[in-house]
Amino acid sequence: MEALRLTLRYVHLIGFALLLGGVVVQYLSGKIRINSAMLAGSAVQLLTGIALAAPLGRAVQPDPAKLAVKGVIALLIFIMVWVVRKKESVATGHFLAIGGMTLINAGVATFWH
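This report concerns the structure included in the present document. (Residues numbered from 1 in each chain as written. Predicted model: local features only at pLDDT ≥ 70, side-chain atom pairs only at ≥ 80, totals over all residues. Heavy atoms only, no water.)

**Some thoughts on the nonpolar core**
By size, the foremost hydrophobic cluster in this structure holds 14 residues, and its most contacted members are I34, M38, I77, V90, F95 and I98. The set of elements that each furnish at least two residues to this core consists of α1 (2-29), α3 (64-83) and α4 (92-111). With near-sequence residues (within four places) excluded, I34 lies in contact with V81, V84, R85, V90, F95 and I98. (Core = buried A, V, L, I, M, F, W, Y, C linked by side-chain atoms within 4.5 Å. Buried < 20%, exposed > 50% of the residue type's maximum accessible area, 1.4 Å probe, protein only. Helix = DSSP H or I, 4+ residues; strand = E, 2+ residues; numbered from the N terminus. Contact = heavy atoms within 4.5 Å.)

**Focus on α1**
Here α1 is 28 residues long and its end C-alpha atoms lie 40 Å apart, about the 40 Å a rise of 1.5 Å per residue gives. Looking at the buried positions of α1, the neighbouring elements they touch are α2 (36-53), α3 and α4. (Expected span 1.5 Å × (residues − 1).)

**Remarks on a nonpolar patch on the surface**
On the surface, a nonpolar cluster with roughly 340 Å² of combined accessible area is contributed by Y10, V11, I14 and L18. Locating I14 in the fold gives a position in helix α1. (Patch = residues over 30% accessible without salt bridge, like charges linked within 9 Å, V, L, I, M, F, W, Y side chains within 5 Å. Areas by Shrake-Rupley, 256 points an atom, 1.4 Å probe, with all protein chains shown as cover. Salt bridge = Lys/Arg side-chain N within 4 Å of Asp/Glu carboxyl O.)

**Focus: the packing of aromatic side chains**
The full count for this structure, using the stated rule, is one aromatic pair. Arranged with centres 5.8 Å apart and planes meeting at 25°, the rings of F78 and W82 form a pair that is stacked. One end of the pair is F78 and the other is W82, both in helix α3 and four residues apart, which spans about a single turn. Against the face of W82 rests R85, its NZ or CZ located 3.6 Å from the ring centre. (Phe/Tyr/Trp six-rings, centres within 6.5 Å; stacked < 30°, edge-to-face > 60°. Lys NZ or Arg CZ within 6 Å of the ring centre and 35° of its normal.)

**Some thoughts on the packing of α1 against α2**
Running from amino to carboxyl end, α1 crosses α2 at an angle of 155°, the nearest separation of the two axes being 7 Å. As summarised for this structure, α1 and α2 are arranged roughly antiparallel, according to the angle between their axes. In this structure, the crossing between α1 and α2 has a hand that is left-handed. The residues of α2 that touch α1, namely those facing R5, L8, R9, V11, H12, G15, F16, L18, L19, G22, V23 and Q26, are A37, M38, G41, S42, V44, Q45, T48, G49, A51 and L52. Tallied by class, the residues present in the contact of α1 with α2 amount to 11 nonpolar, nine polar and two charged. (Axes fitted to C-alpha atoms, helices over the stretch in contact; angles between N-to-C directions. Parallel < 35°, antiparallel > 145°, perpendicular 65-115°, else oblique. Left-handed = near helix turned anticlockwise from the far one by under 90°. Nonpolar A, V, L, I, M, F, W, Y, C, P; charged D, E, K, R; others polar.)

**Details of the environment of M80**
The residue M80 is located in helix α3 in this model. Along the chain, M80 and L39 lie 41 residues apart, while their C-alpha atoms are 9.8 Å from each other. Ignoring sequence-local partners within four residues, the contact set of M80 consists of H94, A97, I98 and M101.

**Quick word on the packing of α1 against α4**
For the pair α1 and α4, the least separation of the axes is 10 Å and the interaxial angle reads 145°. Regarding α1 and α4, the two cross each other, and that crossing is left-handed. Judged by residue contacts, F16, L19, L20, V23, Q26 and Y27 of α1 engage F95, L96, I98, G99, T102, L103 and A106 from α4. A breakdown of the residues in the contact of α1 with α4 according to their chemical character gives 10 nonpolar, three polar and no charged.

**Overview of the side chain of K70**
By the element assignment, K70 lies in helix α3. Summary of buried charges: K70 has no salt-bridge partner, and the nearest side chain of opposite charge, D63, is 13 Å away. Discounting residues that sit within four places of it in the chain, K70 has contacts with H12, N105, V108 and A109. (Lys, Arg positive; Asp, Glu negative; His and termini not counted.)

Spelled out as structure tokens, the structure:
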């Protein structure tokens, strides 16, 4: 079970890299839109996050409140990406909110023990 959990965590981090990398690339290019890396990253983050929330035979389980907060943020990010995925241009505030929420979710994972 430990190998499965570590593999899921690894894929979860790849999803984070896709999502945040996609945000940075689009922002620096000056074209504020959703790219395929952001869409894939948000889906990977959501799905692997759900899988990581499963007990997976751990002696010490993660804090349910932390899991709920991370799950809600990940779901909101996915919805925000999905809704505007086909638009040629996305509102700057909407786009920056996706990037900001991605960083907040990483902060919750890192600092909430």
